[in-house]
Amino acid sequence: MLLTNPLYSQEDTLITYYEKIEKSMKYQTGKIELPSGNATLNVPKGFQFLDAKQTQYVLHTLWGNPEDSTVLGSLLPENGGVTYTDSWMFIISYQEDGHVNDDDADDIDYDDLLKQMKEDTQTENAERKKAGYNTATLVGWASKPFYDSNLKVLHWAKEIKFENSTTNTLNYDLRVLGRKGMYNVSAVADMATLPQVKTSIPSIIKSIEFKEGNRYADFDSSTDEVAAWTIGGLVAGKVLAKVGFFAVLAKFGKFIVIGLIAAFAAVKKFFFGNKDQEVTNPNTKTEIVEANEGDEKE
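From a predicted model like this one, the values you see are computed outputs, not experimental measurements. Note that residues are indexed from 1 along each chain, following the sequence as it is written. With pLDDT at 70 or above as the cut-off, local features in this predicted model cover only qualifying residues; side-chain atom pairs require 80 or more to be listed or tallied, and sums for whole chains, interfaces and linings still use all residues. Heavy atoms throughout the structure, all of them, feed into the side-chain values; hydrogens and water do not.

(A) How the structure looks around the overall build of the protein. A helix here means a DSSP run of H or I that spans at least four residues, while a strand means a run of E at least two residues long, and both kinds are numbered starting from the N terminus. On a plain count of helices and strands, the protein comes out with 7 helices and 12 strands. Only protein chains enter the calculation, and the probe is 1.4 Å; a residue is then buried if its accessible area is under 20% of its type maximum, exposed if over 50%, and partly exposed in between. Counting the 298 residues in the protein, one finds 49% classified as buried. Contacts between residues were defined by any pair of non-hydrogen atoms, one from each residue, lying within 4.5 Å. For the protein, contacts bridging at least 24 residues in sequence account for 64% of all contacts bridging at least 6. Of the roughly 15,300 Å² of accessible surface on the protein, 50% is carried by carbon and sulfur atoms. Only the protein chains shown count as cover for residues, with accessible areas throughout obtained via the Shrake-Rupley method and a probe of 1.4 Å.

(B) Focus on the side chain of Gln56. Within the secondary structure, Gln56 is located in helix 2 (residues 52–62). Those residues in contact with Gln56 that sit more than four places away from it in its chain are Thr61, Glu67, Asp68, Ser69, Thr70 and Val71.

(C) Region of interest: unusual backbone geometry. Although it is not a glycine, Lys152 adopts a positive phi angle of roughly 60 degrees. For Lys152, the location among the structural elements is in the loop between strand 7 (136–148) and strand 8 (153–162).

(D) Structural context of the environment of Phe90. Within the secondary structure, Phe90 sits in strand 5 (residues 89–95). By relative accessible area, Phe90 is classed as buried at 0%. Residues Phe90 and Ser74, 16 residues apart in the sequence, show an inter-C-alpha distance of 5.4 Å. Setting aside residues up to four positions removed in sequence, Phe90 forms contacts with Phe47, Gly73, Ser74, Leu75, Val185, Ser186, Ala187, Val197, Ser200, Ile201 and Ile204.

(E) Main features of helix 3 (residues 110–130). Taking 1.5 Å per residue as the helical rise, helix 3 with its 21 residues ought to reach 30 Å, and the 30 Å between its terminal C-alpha atoms agrees with that figure. Fitting axes to the seven residues ending at a residue and to the seven starting there, one defines the bend at that residue as the angle between these axes. The largest bend in helix 3 comes to about 35 degrees, at Glu124. Within helix 3, the full set of buried residues consists of Tyr110, Leu113, Leu114, Met117, Asp120, Thr121, Asn125 and Arg128. Gly132 lies just past helix 3 and shows a positive phi near 95 degrees. Working rule for helices: expected span equals 1.5 Å times residues minus one.

(F) Just the sheet that holds strand 2 (residues 39–42), in detail. Read across the open sheet, the 3 strands follow the order 1-2-11; overall the sheet is antiparallel. Each edge of the open sheet carries a strand with a single partner, namely strand 1 (31–33) and strand 11 (208–210). With direction set aside, neighbouring strand axes in the sheet form an average angle of 25 degrees. Any two strands with at least two DSSP-identified bridges between them are counted as paired. With 3 bridges connecting them, strand 2 and strand 11 associate as antiparallel partners. Across the sheet, residue Thr40 finds its bridge partner in strand 11, namely Glu209. Here the axes come from fitting lines to C-alpha atoms, over the contacting stretch only for helices, and the angles between their N-to-C directions go from 0 to 180 degrees. Along the sheet, helix 4 (residues 194–207) makes contact with strand 2 and strand 11, crossing strand 11 at roughly 30 degrees.

(G) How the structure looks around the pairing of strand 5. Counting buried positions along strand 5 yields 7 of 7 residues, so the element is predominantly enclosed. Here strand 5 shows no split at all, with Met89, Ile91, Ser93 and Gln95 on one side and Phe90, Ile92 and Tyr94 on the other all buried. One ladder, built from 4 bridges, connects strand 4 (residues 71–77) with strand 5; its direction is antiparallel. Residue Gly73 lies in a different strand from strand 5, and its bridge partner there is Ile92. Across 7 bridges, strand 5 lies against strand 10 (residues 182–190) in antiparallel orientation. Looking across to strand 10, one finds that Ile91 is bridged to Ser186.

(H) Here's a closer look at helix 4. Taking 1.5 Å of rise per residue, the 14 residues of helix 4 would be expected to cover 20 Å, and the 19 Å separating its terminal C-alpha atoms lies within 8% of that figure. Of all bends in helix 4, the biggest is about 45 degrees, found at Ile201, and the proline Pro202 comes one to four residues later. Every buried residue belonging to helix 4 is among Leu194, Val197, Ser200, Ile201, Ile204, Ile205 and Ser207, and all of these are buried.

(I) Representation of the confidence of the model for the protein in the model. Values of pLDDT, the confidence the predictor places in each residue, fall between 0 and 100. Summarising the model, the protein shows a mean pLDDT of 76, and 74% of its residues fall at 70 or more. In the model, residues 1–8 has pLDDT below 50 throughout and makes 5 contacts with residues more than four positions away in sequence or in other chains. Confidence drops under a pLDDT of 50 for residues 238–298, and excluding neighbours within four residues, the segment shows 109 contacts in the predicted structure.

(J) Representation of the pattern of salt bridges within the structure. A pairing counts as a salt bridge when a side-chain nitrogen of Lys or Arg comes within 4 Å of a carboxyl oxygen of Asp or Glu. Scanning the entire structure with this criterion turns up 8 salt bridges. Residues participating in the shared-partner salt-bridge network are Lys158, Asp173 and Arg175.

(K) Representation of the sheet that holds strand 8. Spatial ordering of the open sheet is given by 3-4-5-10-9-8-7, a layout of 7 strands whose pairing is antiparallel. Pairing within the sheet leaves two strands with one partner each, and these edge strands are strand 3 (47–51) and strand 7. Across the sheet, the mean angle separating the axes of adjacent strands is 20 degrees when strand polarity is ignored. Across 8 bridges, strand 8 lies against strand 9 (residues 169–177) in antiparallel orientation. Looking at strand 9, one finds that Ala157 is bridged to Tyr172. Most of the contacts of helix 3 go to strand 7, to which it runs at about 140 degrees, and overall it touches strand 7 and strand 8.

Spelled out as structure tokens, the structure:
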């Protein structure tokens, strides 16, 4: 029997498009040579790797974030995908701005730091609103900052509440320190994913391995530059305002998950709607699919 209801044909078209995207992703496992050249990535069990080009496509074209050429790739759960409603990933990049001194790691009062960060977030809301983004409230630590002095890894997580969002965003950050810079590994997800993200942190930390001569212990004070910030500065983010990648990464944390969830919620509402509402524009999703297919061809 031929289905004449436009909702069915629209749903089939959209589902087909998302399936096409998933099938086009070329996931990798095993040992990956990172483009920065100073480290390798040993893809942890239960994860899969997307290279820089595909990650950019997901972040920018699919999830609606600004382009950022510093992204080196991403790690996604093996049983997930980029078009799932609960999609999340660890975004990987490298920043070579000098050796980060960790002498202050044990002296930081992270509760005081959080108070200052909350005030800064409220101050920045005016700029966010001017740029067309929803305002944000820093709820608190989703996981309090911790510096592993043996592995030279800093990690912390923030819970963020966005204007007009029914779910809070999780922004879980890792900084893997090396001789001349650090790897930024940031999980972008929603708060419901926190237990899953936290469970994976030990294996993610160990997945990045600096090559001989590039490790934190290889620092040479007579030749190597020292970064303008220490451990406390990395968490606060203030001294990183001049660094483009962190500004973009902040937007990742604020908007990727919200944009993804909102997009799929809109799709669900479009196809199934509320019982007391009816769809008024059955052609909208066809236009979106056609536009996305045009982007993909490029």
